[in-house]
Amino acid sequence: MNDTRRAILDALADGPISGPELANTLDVSRNAVWKHVEALRESGFEIESTDDGYRLCDVPEFGSAVEYGLAAPFEIEFHESIGSTNDRARELACDGAADIAVLADEQIGGRGRLNRAWFGPSGGVWLSLVLRPDIPTSHAPLLTLAAAVAVTRAAREAGVPAEIKWPNDVLVPSAVAYEGESGQHPDDGLVGDEKLAGILTEMEGEAGRVSWVVVGIGINVNIEGDDLPDGATSVQEAAGTVDRRIFVQRLLEEFDTLRVSPDKILSAWREHAATLGQRVRVETPSGNVVGTAIDIESPGVLVVETDDGDVRVHAGDCEHLRPA
Ligand code: BT5
């Protein structure tokens, strides 16, 4: 959001303020104030002109309005529709940007890991954070874990019983659907959780240090079940529609708290993880690992207890299995 518009909103937060007073405080012309107020109205802010001056009556549910009231140092770049927020964030990162959150309502060319397609209809939260942390490249996976915790906390606050699946998914347990409705599990041995969110972290480094990291987060928020792929769910399905501005603010604030205290990330992850204690099958480049997930180690290594001893898995696709 433009700096002057942000300053106008900050001033309006304390109650009505007249055009001349705003012009004076912000050191711009009255005409400029009027133009910025009009632009804010066009982007959905309800600003009334009263005898006491401009009064902020309502804030949009989404868009660059996410910056309004945000208690974390991210600038929001909003797009109604975009190919991939990660692609845009990478461009910004290559230009030297930091702490920008690229946000979209609809994403038409979204990517998952291994270039899988990511479905991004209108009503979701498609978000990519441009970060420049001063950390070794080997620590970057911790940021994926931090993002998963942040999404899970925001979803739980919205009433969704969200849990983390290693390494990069947030899911909603669907035990209720199988036990309650049909009384039968599908015959694939899987627990059958439904995916609420996925995370795609990309980075560039030099001499073992991170130059930039893009943490791409896709969350099905205000989307009907019929508009989602099989095996997916949304906040709307699990708990009803939410104000996405508040949802994204909570997520960004949680993420910001964790990134400045990396030593707290693993314990926070353990607290919210569905994977720990779970029988799992992890597809790795060197074959399948089947056993019970017993712990996570820095910077995101899953420890699986197998018949042949403990195996440490650095990357792979993880499935939660029903007890043998
Ligand atoms: C992920 O990959 O889960 C990472 C997804 C990251 C998406 C975000 S959105 C903002 C940013 N911009 C981007 O372009 N990407 C990031 P993976 O673990 O590989 O899972 C991909 C699989 O999830 C697909 O093969 C589908 O099976 C499934 N899927 C696709 N769209 C989905 C959706 N909206 N909800 C749930 N599952 C989905």
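Residues numbered from 1 in each chain as written. Predicted model: local features only at pLDDT ≥ 70, side-chain atom pairs only at ≥ 80, totals over all residues. Heavy atoms only, no water.

Caption draft 1: Expanded view of the pairing of strand 14 (residues 309–313). In terms of strand pairing, strand 13 (residues 301–306) meets strand 14 through five bridges, oriented antiparallel. Across the sheet, the residue bridging to L302 is V313, located in strand 14. The hairpin turn running from strand 13 into strand 14, its antiparallel successor, is two residues long. (Pairing = 2+ DSSP bridges. Helix = DSSP H or I, 4+ residues; strand = E, 2+ residues; numbered from the N terminus.)

Caption draft 2: Seen up close, the site of the ligand. Contacts to the ligand come from 26 residues, most closely from S84, R111, R116, F119 and K195. Within the backbone of F119, a nitrogen or oxygen atom sits 2.8 Å from a nitrogen atom of the ligand. Burial of the ligand by the surrounding chains reaches 87%, relative to a free accessible area of 800 Å². The set of elements that each furnish at least two residues to the shell around the ligand consists of helix 4 (85–94), strand 4 (100–111), strand 5 (117–120), strand 6 (125–131), strand 9 (194–206) and strand 10 (209–219). Across the shell around the ligand, the residue classes tally to nine nonpolar, twelve polar and five charged. (Near = heavy atom within 4 Å. Polar contact = N/O pair within 3.5 Å; in protein donor to acceptor, adjacent residues only side chain to side chain. Areas by Shrake-Rupley, 256 points an atom, 1.4 Å probe, with all protein chains shown as cover. Nonpolar A, V, L, I, M, F, W, Y, C, P; charged D, E, K, R; others polar.)

Caption draft 3: Seen up close, the domain arrangement of the chain. Examined at the domain level, the chain breaks down into domain 1 (3–58), domain 2 (63–271) and domain 3 (279–321). Here the C-alpha centroids of domain 1 and domain 2 sit 33 Å apart. Facing five residues of domain 1, the contacting portion of domain 2 comprises four residues. Here domain 1 and domain 2 share one salt bridge between them. Here R6 makes a salt bridge to E67, at a shortest N to O gap of 2.5 Å. Taken together, the links from domain 1 to domain 2 amount to one residue pair in polar contact (both at pLDDT 80 or more). Its residues placed into classes, the side of domain 1 that touches domain 2 shows four nonpolar, no polar and one charged. (Domains from an automatic or database assignment. Contact = heavy atoms within 4.5 Å. Salt bridge = Lys/Arg side-chain N within 4 Å of Asp/Glu carboxyl O.)

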